[in-house]
Amino acid sequence: MAVDKSTILKHIHIQKGDITKMEVDAIVNAANPSLLGGGGVDGAIHRAAGPQLLEECRTLGGAQPGEAKITKGYRLKAKYVIHTPGPVYRGGNHNEAAILKNSYYNSMRLAKDNGCTSIAFPAISTGVYGYPKEEACSIALSTIIEFMEKENFLIDVYFVLFDDDNYAIYTKHLQELS
Ligand code: AR6
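First, a word on scope: everything that follows refers to the structure included in this document. (Residues numbered from 1 in each chain as written. Predicted model: local features only at pLDDT ≥ 70, side-chain atom pairs only at ≥ 80, totals over all residues. Heavy atoms only, no water.)

Observations concerning the side chain of Ser103
Rule in force here: In this text, helices come from DSSP runs of H or I with a minimum length of four residues, and strands from runs of E with a minimum of two, each type numbered from the N-terminal end. Residue burial is assigned from relative accessible area. The probe radius is 1.4 Å, only protein chains are included, and a residue is buried under 20% of its type maximum, exposed over 50%, and partly exposed in between. Contacts are assigned to residue pairs with any non-hydrogen atoms lying within 4.5 Å of each other.
Residue placement: Ser103 occurs in helix α4 (residues 96–113). Judged by relative accessible area, Ser103 falls into the buried class, the value being 0%. Residue contacts for Ser103: discarding those within four places in its chain leaves Gly66, Thr84, Pro85, Gly86 and Ile124.

Section: the packing of aromatic side chains
The following threshold applies: Planes of paired rings set the category: under 30 degrees apart is stacked, over 60 is edge-to-face and the rest tilted, where pairs are Phe, Tyr or Trp rings (Trp by its six-membered ring) whose centres lie within 6.5 Å.
Summed over all chains, the structure comprises 7 aromatic pairs. Taking the centre distance of 5.0 Å and the plane angle of 40° together, the rings of Phe159 and Tyr170 count as tilted. You can see Phe159 sitting in strand β6 (residues 156–161) and its partner Tyr170 sitting in helix α6 (residues 164–177), a full 11 residues away along the chain. Judged by its relative accessible area of 0%, Tyr170 is buried.

Considering the side chain of Thr126
Keep this limit in mind: Two N or O atoms count as a polar contact when they lie within 3.5 Å, although within protein this holds only if one can serve as hydrogen donor and the other as acceptor, and sequence-adjacent residues are included solely when both atoms are side-chain atoms.
Positionally, Thr126 belongs in the loop between β5 (118–121) and α5 (133–151). The buried category is assigned to Thr126, whose relative accessible area is 12%. At 2.8 Å, the side chain of Thr126 forms a polar contact with the backbone oxygen of Ala123. Of the polar contacts made by the side chain of Thr126, one reaches the side chain of Asn166; its length is 3.2 Å. Excluding residues that lie within four positions of it along the chain, Thr126 makes contacts with Tyr131, Lys133, Ala136 and Asn166.

Observations regarding the site of the ligand
Heads up, the rule is: To be near a molecule or strand, a residue needs just one of its heavy atoms within 4 Å of it. Surface exposure here means Shrake-Rupley accessible area, sampled with a 1.4 Å probe, where a residue is shielded only by the protein chains that are shown.
By nearness alone, 24 residues border the ligand, and Asn32, Gly39, Val41, Asp42 and Ser125 come closest of all. Contact distances for the ligand include 2.7 Å between an oxygen atom and a side-chain N or O atom of Asp42. Between the ligand and Asn166 there is a distance of 3.3 Å, counted from an oxygen atom to a side-chain nitrogen or oxygen. Burial of the ligand by the surrounding chains reaches 90%, relative to a free accessible area of 700 Å².

Focus: the environment of Glu55
Mapping Glu55 onto the fold places it in helix α3 (residues 51–58). Glu55 gets classed as exposed once you look at its relative accessible area, which sits at 54%. Measuring from C-alpha to C-alpha, the distance between Glu55 and Val3 comes to 39 Å, with 52 residues separating the pair along the chain.

Thoughts on the pattern of salt bridges
Pairing between side chains of opposite charge can happen when the charged atoms of each approach one another. Rules: In the sections that follow, a salt bridge refers to a side-chain nitrogen of Lys or Arg positioned within 4 Å of a carboxyl oxygen of Asp or Glu.
For the structure on display, the rule yields 9 salt bridges. Linking Arg109 and Glu151 is a salt bridge whose minimum nitrogen-to-oxygen distance equals 2.9 Å. In this pair, Arg109 is assigned in helix α4 and Glu151 in helix α5, connecting sequence segments 42 residues apart. The shortest N-O distance in the salt bridge between Glu134 and Lys172 comes to 3.3 Å. Here Lys172 lies in helix α6 and Glu134 lies in helix α5, a separation of 38 residues in the sequence. Judged by its relative accessible area of 37%, Glu134 falls in the partly exposed class. Judged by relative accessible area, Lys172 falls into the partly exposed class, the value being 36%. Linked by salt bridges that have partners in common, Lys101, Glu146 and Lys150 make up one network.

Take a look at the structure:
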């Protein structure tokens, strides 16, 4: 039987906080194409997971913006880390929306293929990469809903927002969909 939208919406959770603390099957890292660490959430995830994460990342050969690659979670409570570089926002006419969508879609694909029942996302590209938060939120929510509908796949999705702006934006957008 096809999963319906109201069931999908019950599996989407918004919370404030630090994604490195999440007890889920996979957390998503807003990485850069080197996949060798950086600042922001990427730095926090590498610090919390420990040096073995970087060792495994060195074997991955980087990733294009919108692509996603999976590693183990090492010292994290999460079993896996899914690393995806989002787009750098350069005004909106450089394919940014499609790339951001790919980051969410390809992360969901890896979660499904690896048997995950729960996944946590940060607000990819809305920090250093400068993506406008409202638009990024709308893409994030619509893409994970689209994935669950198309793939007939239910997974608990947690959006873990670090800043008050994103938390308010996600809360509002999710209410509008319900
Ligand atoms: N938990 C959840 N969200 C967080 C955390 C955390 N611990 N720390 C920050 N955020 P950013 P980007 C939020 O800059 O824009 C790195 O250097 C933050 O408030 O981490 O995709 C990479 O290596 C923001 O809303 O990622 C790349 O070079 C969101 O996470 C570059 O930054 C994303 O902010 C990627 O930039």
